[in-house]
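# Working through the structure, step by step
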Amino acid sequence: MPLARSFESEVAVLLFGAPEAIDLTDRVDELDDREKARLLALRRPADRRRFLVAHIGLRDAPALRLDMTPAEVRLGNDTCPVCGSAEHGRPISLDDPDSTHWSISHTDGLVAIAVGSSPVGIDVESLARADDTSFLDEVGTHPDDADAMVAVPSADERALGRTRLARWSRLEAALKVTGAGLGIDPSTIAVGLSGQRTIHPLMPSSGECRHPSVTIVDLVVGEAHVGALAVSGPEAPRVSSTWL
C-alpha cells in the first residue's frame with residue numbers, strides 16, 4: 001500500500017521495525033535545538049538512532065498529510081491543561097493545529113508515529129520487559145483494572161508482565177491525548193486490559209478539561225511488542241497501519 005494512502009484514514013499509524021539499524025545522521029540538521037540537545041544526551045548508539053527515526057519521522061509524516069516538504073513542517077506543543085506551559089503540552093502541527101495532530105512512542109525494536117485529524121496518543125512497549133515490570137509498581141491502578149488483573153494467573157509471570165505492559169500502554173496513550181500526562185492521577189482511570197473502551201479522564205482541580213471523553217483501542221504491533229492508540233471523543237477511529 002502506498003504510504004500516502006495511509007493518510008486517507010482518520011488516523012495513520014507508521015511503524016518502524018528495527019529502528020536501531022536505520023542511520024539518519026545525515027538529517028540531524030532538521031531537528032530543532034531542543035531535540036538536538038536531547039539527542040546529544042543519549043549515550044547508547046541504539047538510543048540515538050531510535051530517537052532520530054522517531055523525530056525525523058515526525059517531520060515526514062505530517063508533510064505527507066499536509067502535502068508539504070519535511071523542511072516546511074513546523075512542530076510545536078499545545079499549552080498544558082494543568083499548568084498552561086507550552087513546553088510539555090500535547091504535540092500539534094503549527095501549520096494546521098486544528099486538524100493535524102500527532103503522537104510518537106519508541107521502545108527497543110520499534111518506533112510508532114500516529115498522525116490524526118483529532119487529538120491522538122500512541123504508545124508501544126517491548127515485551128522484552130515482561131519478565132520484570134516492577135517499574136510499574138509505583139503507578140496507580142484503578143480498582144476495576146486491579147480486579148481484572150486478578151484473573152491473570154499469577155504463576156505465569158511473563159503472561160502477567162505482558163498484561164501489565166498492555167495496560168500501561170493503554171494508559172500512556174490515553175494520557176497523551178489529554179496533554180496532561182501524569183498530571184492526571186492514573187488510579188482514577190479504568191483503561192481496561194484490552195479491547196475498545198471510552199473513558200472520562202478526571203482532571204486535577206487546577207486543570208482544564210479539554211477532552212471529556214477519550215477512546216482507546218489496541219494496536220497490532222507484532223509478536224515482540226504491545227501497543228495502544230487513543231483519540232479524543234467517544235468513537236473508535238478509522239486506522240491505517242503501515243510498516244516501514
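Residues numbered from 1 in each chain as written. Predicted model: local features only at pLDDT ≥ 70, side-chain atom pairs only at ≥ 80, totals over all residues. Heavy atoms only, no water.

### A short note on empty space enclosed by the protein
Keep this limit in mind: For cavity detection a 1 Å grid was placed over the protein atoms alone, and a set of points counts as a cavity when a 1.4 Å probe fits there but cannot get out; an open set counts as a pocket when protein lies on both sides within 12 Å along at least five of seven lines, with lining residues being those that have an atom within 4 Å of a point. Grid points are joined across faces, edges and corners, and a volume is the space filled by probe spheres set on the points. Each residue gets one of three labels, nonpolar for Ala, Val, Leu, Ile, Met, Phe, Trp, Tyr, Cys and Pro, charged for Asp, Glu, Lys and Arg, and polar for the others, Gly among them.
For the coordinates displayed, the defined rule picks out one cavity of 30 Å³ or more. Computed from the structure, the largest cavity encloses a volume of approximately 30 Å³. If you trace the largest cavity, you find it lined by Asp78, Thr79, Pro81, Arg90, Thr178, Gly179, Arg210 and His211. Among the residues making up the lining of the largest cavity, the classes are represented as one nonpolar, four polar and three charged.

### Some details on the pairing of strand 6 (residues 120-126)
Heads up, the rule is: Note on classification: 1.4 Å probe, protein chains only; a residue is buried when its accessible area is under 20% of the maximum for its type, exposed when over 50%, partly exposed between these limits. Each helix is a run of DSSP H or I of at least 4 residues and each strand a run of E of at least 2, with the numbering of both proceeding from the N terminus. Strand pairing follows a simple DSSP-based rule, namely that at least 2 bridges must link the two strands.
Within strand 6, seven of the seven residues are buried, which leaves the element mostly enclosed by the surrounding structure. Bridging between strand 6 and strand 9 (residues 225-232) involves seven bridges; their strand directions are antiparallel. For serine 126, the partnering residue across the bridge sits in strand 9 and is histidine 225.

### Regarding the pairing of strand 4 (residues 101-107)
Across the seven residues of strand 4, six count as buried, placing the element largely inside the fold. Sheet analysis places strand 4 next to strand 5 (residues 110-116), joined by seven bridges and oriented antiparallel. The residue of strand 5 that forms the bridge with serine 103 is alanine 114. Here strand 4 folds back onto strand 5 in antiparallel fashion, the turn holding two residues, of which glycine 109 has a positive phi close to 85°.

### Considerations on the nonpolar core
The criterion, for reference: Definition of nonpolar core: a set of buried residues of the types Ala, Val, Leu, Ile, Met, Phe, Trp, Tyr and Cys, connected through side-chain atoms within 4.5 Å.
One finds Leu171, Ile189, Ile199 and Ile216 to be the most contacted residues of the largest nonpolar core, which totals 18 residues. Contributions of two or more residues to this core are made by helix 4 (157-178), strand 8 (214-219) and strand 9. With six residues, the single largest contributor to this core is helix 4. If you look at the next biggest cluster of nonpolar residues, it comprises 17 residues, including Leu58, Ala61, Trp102 and Val111.

### Points about the sheet that holds strand 8
Selection criterion: Inter-axis angles, ranging from 0 to 180 degrees, are taken between N-to-C directions of lines fitted to C-alpha atoms, where helices are fitted over the stretch in contact. Whether two residues are in contact is decided by their heavy atoms: any pair within 4.5 Å suffices.
Spatial ordering of the open sheet is given by 6-9-8-7, a layout of four strands whose pairing is antiparallel. Edge positions in the sheet fall to strand 6 and strand 7 (197-199), since each of these pairs with one other strand and no more. Strand-to-strand twist of the sheet, defined as the mean angle between neighbouring strand axes without regard to direction, takes the value 25°. Those strands touched by helix 4 are strand 6, strand 7, strand 8 and strand 9, and its axis lies near 155° from that of strand 6.

### Re helix 2 (residues 45-66)
Filter applied, for reference: Expected helix span is given by 1.5 Å per residue-to-residue step, counting one fewer step than there are residues. Two axes are fitted around each residue, one to the seven residues ending there and one to the seven starting there, and the angle between them is reported as the bend at that residue.
The terminal C-alpha atoms of helix 2, which comprises 22 residues, lie 32 Å apart, in line with the 32 Å expected from a rise of 1.5 Å per residue. The largest bend along helix 2 reaches roughly 25° and is located at glycine 57.

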